[in-house]
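Commentary on secondary and tertiary structure
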Amino acid sequence: MAADEVLASEAVRQNRPLVRFYRWSQMTISLGGFQLIADAEAEPAIALMPLVRRPSGGGAIVHGSDLTYAVAVPRDHALGATPQVLYNAFHESLVSTLEAHGIPAMLHPGRGPQARDEGRLFCFDRRAQGDLIVPGPSADGHKLLGSAQRRLKAAVLQHGSLLLETPRQVASAAAHQGLFELFPGVSGWTDETIVGEWLDRLGEATGLEPRMVVGGFSAAYEADVAAATARFQAPAWLRRR
């Protein structure tokens, strides 16, 4: 989370969008910035799991079997104009990527306030406008990608989680099927394969020219990330709601 905050600062300093993709070293629950800590602690499906709080909104995510991304754009950039613009740019480009491999992905239209999705703890139990889904047993389909934003003073920070496999260390209420299980034909994809094609499609749709830099963002900005880490580690941040 500290690295993603530094990413936002760098996007403003460099005056361009920046995105990083990463995995988690251990299975961890990230809470949306506005969720109640008591709700997470009362959920037996994730009892005793490590908890962190994102600066972005949205529902809780079980990380460890997903590919996470964080993108930051200056607020005066075209992609930062409205929340849905940045959201759709990333989701539509992944829809195009999956469709090119015969996977019938689509964007969900949203269920509306009557669904009371904000009361659902887990991100993958919710359906917001633009969520990426594939056909499932209900009209709401299987959700494979959800994203959430935080509009900072000078930047827009968006987090997203692409579910690749079912998390194995949580109870069924928190375990959702992922891309590789629903479509075994792509189970051999590497992170580099996914990210490379995804960014190519994003570039085609937005006119940007993505340049992939391999290596740890945190390591490149070690001092800045270390300075920001204390705030996200502090109980006052995790338990702020």
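Here the structure is shown first, and the text comes after it.
The text that follows walks through the structure, step by step, so that each part is easy to find. (Residues numbered from 1 in each chain as written. Predicted model: local features only at pLDDT ≥ 70, side-chain atom pairs only at ≥ 80, totals over all residues. Heavy atoms only, no water.)

Observations regarding the side chain of R53
Tracing the chain through its elements places R53 in strand 3 (residues 51-53). Salt bridges are absent for the buried R53, whose nearest opposite-charge side chain, E41, sits at 8.8 Å. At 2.8 Å, the side chain of R53 and the backbone oxygen of Q35 are in polar contact. Within the local environment of R53, its side chain forms a polar contact with the backbone oxygen of L238, the two atoms lying 2.8 Å apart. Beyond its immediate sequence surroundings of up to four residues, R53 is in contact with M1, L31, G32, G33, F34, Q35, I37, F232, W237, L238, R240 and R241. (Helix = DSSP H or I, 4+ residues; strand = E, 2+ residues; numbered from the N terminus. Buried < 20%, exposed > 50% of the residue type's maximum accessible area, 1.4 Å probe, protein only. Lys, Arg positive; Asp, Glu negative; His and termini not counted. Salt bridge = Lys/Arg side-chain N within 4 Å of Asp/Glu carboxyl O. Polar contact = N/O pair within 3.5 Å; in protein donor to acceptor, adjacent residues only side chain to side chain. Contact = heavy atoms within 4.5 Å.)

As for the sheet that holds strand 5 (residues 66-74)
Taken together, the six strands give an open sheet; going across it, the order is 1-5-9-8-7-6, and neighbouring strands pair in antiparallel fashion. Since the sheet does not close on itself, it has two edges, and those belong to strand 1 (18-22) and strand 6 (106-107), each with one partner. Two strands pair when backbone bridges link them, and strand 5 and strand 9 (residues 155-163) are joined in this way by nine bridges, in the antiparallel orientation. If you follow A72 over to strand 9, its bridge partner there is L157. (Pairing = 2+ DSSP bridges.)

Some points on the nonpolar core
The biggest cluster of nonpolar side chains holds 30 residues, and the ones touching the most others in it are L98, L132, L162, L179, I194 and W198. Taken together, the elements giving at least two residues each to this core come down to strand 5, helix 3 (83-99), strand 7 (132-134), strand 8 (142-151), strand 9, helix 4 (179-182) and helix 5 (191-206). In terms of residues, this core owes the most to one element, helix 3, which gives six residues. With 18 residues, the next largest nonpolar core counts A2, A70, A72 and A228 among its residues. (Core = buried A, V, L, I, M, F, W, Y, C linked by side-chain atoms within 4.5 Å.)

Topic: the layout of surface pockets
Space left empty within the atom packing is revealed by a probe, the size of a water molecule, rolled over the atoms. The computed volume of the second largest pocket comes to approximately 830 Å³. Around the second largest pocket, the lining comprises 36 residues; the ones closest to its centre are G57, G58, G59, R126 and A148. Counting residues per element, the ones that place at least two in the lining of the second largest pocket are strand 4 (61-63), helix 3, strand 8 and strand 9. For the lining of the second largest pocket, the leading source of residues is strand 8, giving six residues. (1 Å grid on protein atoms, 1.4 Å probe; cavity = no way out; pocket = protein on both sides within 12 Å on 5 of 7 lines; lining within 4 Å. Points joined across faces, edges and corners; volume = space filled by probe spheres on them.)

Comments concerning the packing of aromatic side chains
This structure, assessed with the given rule, holds eight aromatic pairs. With a centroid separation of 6.2 Å and an interplanar angle of 50°, the aromatic rings of F21 and Y69 are classed as tilted. Placement of the pair is F21 in strand 1 and Y69 in strand 5, with a sequence separation of 48 residues. Given the relative accessible area of 1%, Y69 is considered buried. Pairing Y22 with W24 gives two aromatic rings, centres 6.1 Å apart and planes at 45°, and the pair type is tilted. Ring pairing ties together the aromatic residues F21, Y69, F90 and W198, which thus form one cluster. Directly above the ring of Y22 sits R20, whose terminal nitrogen or CZ lies 3.9 Å from the centroid. Its end group placed over the ring of F124, K143 keeps NZ or CZ at 5.7 Å from the ring centre. (Phe/Tyr/Trp six-rings, centres within 6.5 Å; stacked < 30°, edge-to-face > 60°. Lys NZ or Arg CZ within 6 Å of the ring centre and 35° of its normal.)

Overview of helix 5
Here helix 5 contains 16 residues, and its C-alpha end-to-end distance of 22 Å stays within 8% of the 22 Å for a straight helix at 1.5 Å per residue. Among all positions of helix 5, only I194, V195, G196, W198, L199, L202 and G203 are buried. The secondary structure elements touched by the buried residues of helix 5 are strand 1, strand 5, helix 3, strand 8, strand 9 and helix 4. Looking at the residues trailing helix 5, positive phi occurs at G207, about 85°. (Expected span 1.5 Å × (residues − 1).)

Focus on the side chain of Q158
As for its placement among the helices and strands, Q158 is situated in strand 9. Looking at Q158, its side chain comes within polar contact range of the side chain of Y69, at 2.7 Å. For Q158, the side chain forms a polar contact with the main-chain nitrogen of Y87, separated by 3.4 Å. Residues contacting Q158, with those up to four places away along its chain left out, are Y69, A70, V71, L86, Y87, F90, S147, A148 and Q149.

Quick look at the packing of helix 3 against helix 5
Contact geometry for helix 3 and helix 5: axes closest at 8 Å, N-to-C directions at 120°. Put simply, helix 3 runs oblique to helix 5. Remark: the crossing between helix 3 and helix 5 carries right-handed chirality. Of the residues in helix 5, those in contact with A89, F90, S93, L94, S96 and T97 of helix 3 are E197, W198, R201, L202 and T206. A class-by-class count of the residues in the contact of helix 3 with helix 5 yields five nonpolar, four polar and two charged. (Axes fitted to C-alpha atoms, helices over the stretch in contact; angles between N-to-C directions. Parallel < 35°, antiparallel > 145°, perpendicular 65-115°, else oblique. Left-handed = near helix turned anticlockwise from the far one by under 90°. Nonpolar A, V, L, I, M, F, W, Y, C, P; charged D, E, K, R; others polar.)

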